[in-house]
Amino acid sequence: MNGYFITGTDTDVGKTCVTAALLRNLLDAGHHALALKPIQSGCRETPDGLVADDVEIYARFSTPYFPNGYPEACCHRFAPACSPHLAAELAGTSLNVNELAHAVTELATGHDLVLVEGAGGAAVPLGNKQTMQDLMQRLDLPVILVADNKLGVINHALMTIRMLRDSGLDIAGVVMTNTTRPDTQGILMRRNNTETIAHYGNIPILAEIPFIEQIDFDAEYIRHMAPAIRHLTPSPADDSDDLTFDRDHIWHPYTSAVNPLPSVKVRTAHGSRITLEDGTELIDGMASWWCAIHGYAHPALLDAARTQLGRLPHVMFGGLTHDPAIELCRSLCDMTPNGLEHVFLADSGSVSVEAAIKMALQYMQADGQTQRTKIFTIRGGYHGDTCGAMSVCDPNNGMHHLFSGLLPHQIFAPRPTCRFGEPYDPASLAETTRLFEENSHRIAAIIVEPIVQGAGGMYFYHPDYLRGLRELADAHGVLLILDEIATGFGRTGKLFACEWADVIPDIMCVGKALSGGTMTLAATVATSNVAQTISKDGGVFMHGPTFMGNPLACAVATASLEILQQGHWKTQVHAIEQRLETAFGPCRDLPGVKDVRVLGSIGVVEMDTPVNVQRLQAAFIEHGVWLRPFGKLIYVMPPYIITQDEVSRLGSAVFDAIAHHIHE
Ligand code: PMP
């Protein structure tokens, strides 16, 4: 949809006449334009129903262009002249931003340009904690602010401009109106108001409408709005240059610099939806590599970021500390299993794994066990892309062959054969035990992803196996590191996956969902035993990244953990799990499918052979969903706030892709 959203600093600023006059100018300039009023309160009651006066004004200004009458231009009409949230409540209904946005898009069909006029200002409530600003964000049109030139306008205009910019909206400019007659002194003041708003708000003034007497009212308005047209560039930007630059100069994850898979340009993301540059809306099945658990642009996370941005975006952590870090680490100590009490803040999951490995080695050195320098792990794991982390990733599907001269050699047990949800066979730990006992004198720590091996194969193993690893570590004085970066914060149906086995690690890595997918942040949390041993005799833990404890990331993470602590995630993840079972079930019968498995909010279809990512990605976009398969795996890990219907749509997109596109 192409056009502008028209809002005001206030009610009664003359927004409707500005909209109608702009519409007329656009029609005169050859556009097939339409002005819309999503919500009209204060409608006149007539025998034919409620009449929206604003729409009548659009019709009056543009009469020659709509000989058969003005088209339907209003989604909701209410009689009481009050805020939409109250008007809707009094009418026994409620307003919803998504529905409003769809209704507006429908009304706009067939027009090359629409003017959407809000009700009142941007902070006007629509109900359910949603405001006009949310609707503006959903529609994502550039905004025209109408400001009535009078005492107080500078403050109102600058506050609205700040608010709109903070919410990521483009502001096309300000139209100044004069709904009251100025006295001689007032003329000077009003001129200064306009200049001050332009200067302090760093914004163009699109038009100035003087005080207009009733005589030839419409023509005057239309004439004074004409200059606005020059500032407006209503055609959508051509982004083909950007995509060419992106392809030629920007490395995306795991891609060729010369022949990369195509990237799709995203404009915004809200809740469980990603909107592409061309307006296509996709249901998000990936939670951006599993981190955006509360959905995109969650208001609490954005508020936390904005407040912290205004206070202290960053400061070094060496010798300095701050509330955001203290608050976050307090929450982490509370939420992680008992005994994990010392938090090291890292800037990514991989770095938190490096920190965990270094902690284990420093622990053994401080304990006088200097021969214990190896890490023991299981095949099929994934722990990150930095060197230490890579060394414990699966040696076959990981990157060992590329960096064989560089990576330390670790000890690998087979991937556990005991599957989650099936009876446990103790024999599955036999080879692991043998290898471990044979090497235990040189092992500092075991590292595994608890219960779910993520990027190494989306494989779910039995909790008793994890219990077995804990017992082996205890029996031999080895530390257990659990990498909960993918599984932590509810993804598997437990707050931490280690709870499936009632196992508490010595060191735990968390990341991804920690900041709700808004900022890059991870943490390595250790027991007092680990921390005190490393620090005995004056020892210090040797790691300290520049952006360690970044206050902005910490503040957002605290907001994310607060949402989790409210506990809705349990019902959300359970509901997703049940719906995934139904939605993915039919894939079991399709040719080429090796296995279908679901745990918590993770749904996986494993194919017999690797899939064509490029072809599938295009098919998924066609289907209105965002999924990014890898290897033989097509999987979903959606935001927890996804609806049941959206999960079903992910399921049918996967079914359809396998049924029709995989063998093309
Ligand atoms: N460990 C696990 C289990 C992961 O899934 C990942 C990321 N997929 C990492 C570590 C690395 O985290 P990051 O990408 O933030 O470095």
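What you are looking at is a predicted structure, and each value in this text was computed from that prediction instead of being measured. (Residues numbered from 1 in each chain as written. Predicted model: local features only at pLDDT ≥ 70, side-chain atom pairs only at ≥ 80, totals over all residues. Heavy atoms only, no water.)

**Student:** For this particular structure, what's the right way to read the overall build of the chain?
**Tutor:** If you tally the helices and strands in the chain, you get 21 helices and 27 strands. If one aligns the C-alpha atoms of the chain with their principal axes, the spans along those axes are about 100 × 60 × 50 Å. The buried share of the chain, taken over its 664 residues, is 53%. For the chain, contacts bridging at least 24 residues in sequence account for 74% of all contacts bridging at least 6. In the chain, which carries 46 positive and 73 negative side-chain charges, the distance between the mean positions of the two groups comes to 2 Å. (Helix = DSSP H or I, 4+ residues; strand = E, 2+ residues; numbered from the N terminus. Buried < 20%, exposed > 50% of the residue type's maximum accessible area, 1.4 Å probe, protein only. Contact = heavy atoms within 4.5 Å. Lys, Arg positive; Asp, Glu negative; His and termini not counted. Charge placed at Lys NZ, Arg CZ, Asp CG, Glu CD.)

**Student:** Looking at this model, I keep getting lost on the packing of aromatic side chains. Mind explaining?
**Tutor:** Ring pairs (aromatic) are described by centroid distance and by the angle formed between their planes. With the rule as written, the count across this model stands at 11 aromatic pairs. Between the aromatic rings of F376 and F436, the centroid separation amounts to 5.0 Å while the plane-to-plane angle is 90°, which identifies the pairing as edge-to-face. One end of the pair, F376, is in strand β16 (residues 374-378); the other, F436, is in helix α15 (residues 430-439), with 60 residues separating them in the sequence. Given a relative accessible area of 0%, F376 falls into the buried group. Here Y461 and Y465 contribute two aromatic rings whose centre-to-centre distance is 5.6 Å and whose plane-to-plane angle is 80°, an arrangement assigned as edge-to-face. With respect to class, Y461 is no different from Y465; both count as buried. An aromatic cluster is defined as three or more aromatic residues linked by ring pairs; in this entry it consists of Y58, F66 and Y70. The lysine or arginine in question, K512, covers the ring of W290, its NZ or CZ lying 4.5 Å from the ring centre. (Phe/Tyr/Trp six-rings, centres within 6.5 Å; stacked < 30°, edge-to-face > 60°. Lys NZ or Arg CZ within 6 Å of the ring centre and 35° of its normal.)

**Student:** Where do I start with the domain arrangement of the chain in this structure?
**Tutor:** Size of an interface, as often reported, equals the accessible area lost when the parts are brought together. Along its sequence, the chain is organised into domain 1 (3-230), domain 2 (316-327 + 336-548) and domain 3 (567-664). Look at where the C-alpha atoms of domain 1 and domain 3 centre, and you get two points 43 Å apart. (Domains from an automatic or database assignment.)

**Student:** Explanation requested: the sheet that holds strand β2 (residues 33-40) in the structure shown.
**Tutor:** Either a parallel or an antiparallel arrangement is found when strands of a sheet pair, and the pairing is made through backbone hydrogen bonds. Sheet architecture is open: seven strands sit in the order β5-β2-β6-β1-β9-β10-β11, paired in parallel fashion. For this open sheet the edge positions go to β5 (74-77) and β11 (205-208), each flanked by a neighbour on one side alone. Strand-to-strand twist in this sheet, taken as the mean axis angle between neighbours without regard to direction, amounts to 20°. In the sheet, strand β1 (residues 3-8) pairs with strand β9 (residues 143-148) via four bridges, with the strands oriented parallel. Along β9, the bridge assignment pairs T7 with L145. (Pairing = 2+ DSSP bridges. Axes fitted to C-alpha atoms, helices over the stretch in contact; angles between N-to-C directions.)

**Student:** What is the right way to read the site of the ligand from this model?
**Tutor:** Neighbouring residues of the ligand: W290, S348, G349, S350, Y382, H383, G384, E449, D483, I485, A486 and K512. One of the backbone nitrogen or oxygen atoms of G349 is found 2.8 Å away from an oxygen atom of the ligand. Relative to its unbound accessible area of 390 Å², the ligand is 82% covered by the protein chains. The residue inventory of the shell around the ligand, partitioned by class, reads four nonpolar, five polar and three charged. (Near = heavy atom within 4 Å. Polar contact = N/O pair within 3.5 Å; in protein donor to acceptor, adjacent residues only side chain to side chain. Areas by Shrake-Rupley, 256 points an atom, 1.4 Å probe, with all protein chains shown as cover. Nonpolar A, V, L, I, M, F, W, Y, C, P; charged D, E, K, R; others polar.)

**Student:** What should I look at first to understand the nonpolar core in this one?
**Tutor:** As a rule of thumb, nonpolar side chains are buried together in soluble globular proteins. L466, F489, L514, V605, I634 and I658 are the most contacted members of the largest nonpolar core, which has 91 residues in total. Counting residues domain by domain, this core receives three or more from each of domain 2 (316-327 + 336-548) and domain 3 (567-664). Not counting the four nearest positions on each side in its chain, L466 is found in contact with V448, P450, I451, Y461, L482, C498, A501 and V503. By size, the runner-up hydrophobic cluster in this structure holds 76 residues, among which are I197, I203, L206 and M225. (Core = buried A, V, L, I, M, F, W, Y, C linked by side-chain atoms within 4.5 Å.)

**Student:** Help me understand the state of the cysteines in this model?
**Tutor:** Should the sulfur atoms of two cysteines be covalently bonded, the bond is a disulfide. Across all of its chains, the model carries zero disulfides by this definition. The closest cysteine sulfur to the non-disulfide-bonded C43 is located on C74, 5.9 Å from its own sulfur. A relative accessible area of 7% means that C43 is categorised as buried. Left unpaired, C509 is separated from the closest cysteine sulfur, that of C498, by 12 Å. (Disulfide = S-S within 2.5 Å.)

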